[in-house]
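Coordinate analysis (summary)
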Amino acid sequence: MSLWEFYARNSGEVLGLVGQHVSLVASSTAIAIVLGVPVGIALTRRPAWRAPVLGLANVFQTIPSLALFGFLIPLPFIGGIGATTAIVALVVYALLPIVRNTYTGLAGVDPAVREAGRGMGMTDWQLLTQVELPLGLSVILAGVRVATVVSVGTATIAAAIGAGGLGVYIFRGVAVVDNTLILAGALPAALMALAADGLLGLAERRFAWRAT
Amino acid sequence: MTTPLEVQGLGYELPGKGKGEAGSGRFLVHDVSFTVGAGETLVLLGRSGSGKTTTLKLINRLLEPTTGEVRIAGARARDLAATRLRRRIGYVIQEVGLFPHFTVARNVGLVPRLEGWEPPRIVERVRELLAVVGLDADTFALRYPHQLSGGQRQRVGVARALAADPPLLLLDEPFGALDPITRVELQREFQTLKQRLGQAMVFVTHDVREGLMLATRIGLMQQGRLVFLGTPQEFRQSDHPESKAFMAAA
């Protein structure tokens, strides 16, 4: 059976899995942004926290994803079988690029611009919201882009703990040694990663301000 | 009328290493006193690292003085919130520091906007100021900083500093990064501009010719201390070794 035949016969299921996959990636990335951007901002205000926080995020990054899913299963509230556990794990992976790029983006703002802003009498909040975040946005978006693309790939493994998504086909295909089935999951996941990369790349360039 | 700027016994000691510890005993600025009247331009002259820029930052509290007192138009700088204080003091730096994501108009209107002026009044003020610094508002208001030349950028920087009509203007080597021709052009314009405006100004430079050209009085700084304070005429005749060194370089 060819891939196209497979899609034609199972269109309902395919769309359902694509939907699950998108929702895993979207919700985990959104949560990681909500958590990670403030942490990145805090690091620019408390330089002493930078090394330990980025170090910890780095350590999380090194845990193999399948192992992390496994570790989370026995934990109460955030663990167990299903989408919640998968989202928690995906958030953990997405945090590092977002925290790091938020810090880098804000730290990269021209010191003269910051000094002028403070010298004109901007409060720390005004400086952050009107100057640092808009100017750092492109770098922050680059972090979000990396996090999203990685997340699309990692989310396929979430099928192993019953979270659904396109990994369902991949695991099924591996189990029954059926390349068509593996491709049926892998191809849309790859396209999804490319689309996220392209769209966020556009947004990134839109907010890249030319230095003077 | 109150004096725009009074500085009394101003000092800045580098902080000690540990928390809650006394200062390090190293002073970047030590016991500096001067006053600047309306329409007066005090040029702080000195070598790199002599404490001129630090003195400016102590006036608008980008650095907190460890000793001494600053009064702006009679009010103690220390008693005002730092942000309020800075909005009443124009600040121009060598690197200009225009916001690259703001148009020229938004850059110039920054302080009025922070002060909550009505938008029509800001628009009007921006046009007025661009004219003051010799830029045509129709041509430049909607441009971004990267579309300007270095000289135009610093004109915008000066306009931004003047926006809320502060009684005092601090300028830190404003023409230092410009090419020689543009620099002389802006220096000449600045000379006429300051007569028209009547603001009190503190102008930091290491260029003695620029200092002599623009100063009502010159304050010479050396190793954090004000070693000479007087008119350009007195400066030329001063027999302080540092004054002589600077005059020899002119």
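Here we summarise the structure given alongside this text. (Residues numbered from 1 in each chain as written. Chains lettered and ligands numbered in written order. Predicted model: local features only at pLDDT ≥ 70, side-chain atom pairs only at ≥ 80, totals over all residues. Heavy atoms only, no water.)

**Points about the pattern of salt bridges**
One pass over the structure, following the stated rule, counts 21 salt bridges over all chains. Of the charged contacts, one joins Glu-204 of chain A and Arg-145 of chain A as a salt bridge, the two residues approaching to 2.7 Å between their closest N and O atoms. Taken together, the residues span a long stretch of sequence, with Glu-204 of chain A in helix H9 (residues 179-206) and Arg-145 of chain A in helix H7 (residues 124-154) at a distance of 59 residues. Residue Glu-204 of chain A is classed as buried on the basis of its relative accessible area, which comes to 15%. On the accessibility criterion, Arg-145 of chain A (23% relative accessible area) is partly exposed. As a salt-bridge pair, Asp-79 of chain B and Arg-76 of chain B come within 3.1 Å of each other at their nearest N and O atoms. You can call Asp-79 of chain B exposed: its relative accessible area is 53%. (Salt bridge = Lys/Arg side-chain N within 4 Å of Asp/Glu carboxyl O. Helix = DSSP H or I, 4+ residues; strand = E, 2+ residues; numbered from the N terminus. Buried < 20%, exposed > 50% of the residue type's maximum accessible area, 1.4 Å probe, protein only.)

**Concerning empty space enclosed by the protein**
For the structure shown, the criterion picks out 2 cavities of 30 Å³ or more. The volume enclosed by the largest cavity comes to roughly 50 Å³. Met-120 of chain A together with Arg-86, Arg-87, Ile-89, Gly-90, Val-111, Arg-160, Ala-161, Ala-163, Ala-164 and Pro-166 of chain B are the residues that line the largest cavity. Residue assignment for the lining of the largest cavity shows that the elements contributing at least two residues are helix H2 (82-87), strand E6 (89-93) and helix H7 (150-162) of chain B. When grouped by side-chain class, the residues that make up the lining of the largest cavity number 7 nonpolar, 1 polar and 3 charged. Around the second largest cavity, the lining residues are Leu-90, Tyr-93, Ala-94, Ala-147, Val-150, Ser-151 and Thr-154 of chain A. Mapped onto the lining of the second largest cavity, the elements with two or more residues apiece are helix H5 (83-107) and H7 of chain A. No other element matches the 4 residues that H7 of chain A contributes to the lining of the second largest cavity. Of the residues in the lining of the second largest cavity, the class split is 5 nonpolar, 2 polar and no charged. (1 Å grid on protein atoms, 1.4 Å probe; cavity = no way out; pocket = protein on both sides within 12 Å on 5 of 7 lines; lining within 4 Å. Points joined across faces, edges and corners; volume = space filled by probe spheres on them. Nonpolar A, V, L, I, M, F, W, Y, C, P; charged D, E, K, R; others polar.)

**Things to note about the sheet that holds strand E1 (residues 5-13) of chain B**
Strand pairing in a sheet relies on backbone hydrogen bonds. The paired strands run either parallel or antiparallel. Residues and elements named next belong to chain B. The 4 strands lie next to each other as E2-E1-E4-E5, forming an open sheet whose pairing is antiparallel. Because the sheet does not close on itself, it has two edges, and the strands there are strand E2 (27-36) and strand E5 (75-76). Where strand E4 (residues 67-72) meets E5, 2 bridges bridge the pair, whose relative direction is antiparallel. Along E5, the bridge assignment pairs Arg-71 with Arg-76. (Pairing = 2+ DSSP bridges.)

**Focus: the packing of aromatic side chains**
The final tally for this structure, using the stated rule, is 9 aromatic pairs over all chains. Pairing Trp-4 of chain A with Tyr-7 of chain A gives two aromatic rings, centres 6.2 Å apart and planes at 55 degrees, and the pair type is tilted. One end of the pair, Trp-4 of chain A, and the other, Tyr-7 of chain A, are both in helix H1 (residues 3-9), 3 residues apart, so they sit about a helical turn from each other. Residue Trp-4 of chain A is classed as exposed on the basis of its relative accessible area, which comes to 61%. An aromatic cluster of three or more residues is present, and its members are Trp-4, Phe-6, Tyr-7 and Tyr-169 of chain A. Taking NZ or CZ as reference, Arg-106 of chain B lies 3.9 Å from the ring centre of Phe-102 of chain B, over its face. In this structure, Arg-121 of chain B is placed above the aromatic ring of Trp-117 of chain B, and the distance from its NZ or CZ to the ring centre is 3.7 Å. (Phe/Tyr/Trp six-rings, centres within 6.5 Å; stacked < 30°, edge-to-face > 60°. Lys NZ or Arg CZ within 6 Å of the ring centre and 35° of its normal.)

**Some remarks on the packing of helix H6 (residues 111-119) of chain A against H7 of chain A**
Residue and element names in this part refer to chain A. Running from N to C, H6 and H7 cross one another at 165 degrees; their axes reach a closest spacing of 11 Å. In terms of orientation, H6 lies roughly antiparallel with respect to H7. Two packed elements cross with a definite hand, and for H6 against H7 that hand is right-handed. Facing H6, whose interface residues are Val-113, Arg-114, Gly-117 and Arg-118, H7 presents Leu-127, Val-131, Glu-132 and Leu-135. (Axes fitted to C-alpha atoms, helices over the stretch in contact; angles between N-to-C directions. Parallel < 35°, antiparallel > 145°, perpendicular 65-115°, else oblique. Left-handed = near helix turned anticlockwise from the far one by under 90°. Contact = heavy atoms within 4.5 Å.)

**Regarding the sheet that holds strand E3 (residues 41-46) of chain B**
Residues and elements named next belong to chain B. Pairing within the open sheet is mixed, and its 6 strands lie in the order E6-E7-E8-E3-E9-E10. The open sheet has two free edges, formed respectively by E6 and strand E10 (225-230), since each of these has just one partner strand. Each adjacent strand pair in this sheet contributes to an overall mean axis angle of 15 degrees, direction not counted. Pairing between strand E9 (residues 217-222) and E10: 5 bridges, direction antiparallel. What sits directly across from Ile-218, in E10, is Gly-230. Each of E3, E6, strand E7 (168-172), strand E8 (200-205) and E9 touches helix H1 (residues 52-59); the most contacted strand, E7, lies at about 150 degrees to it.

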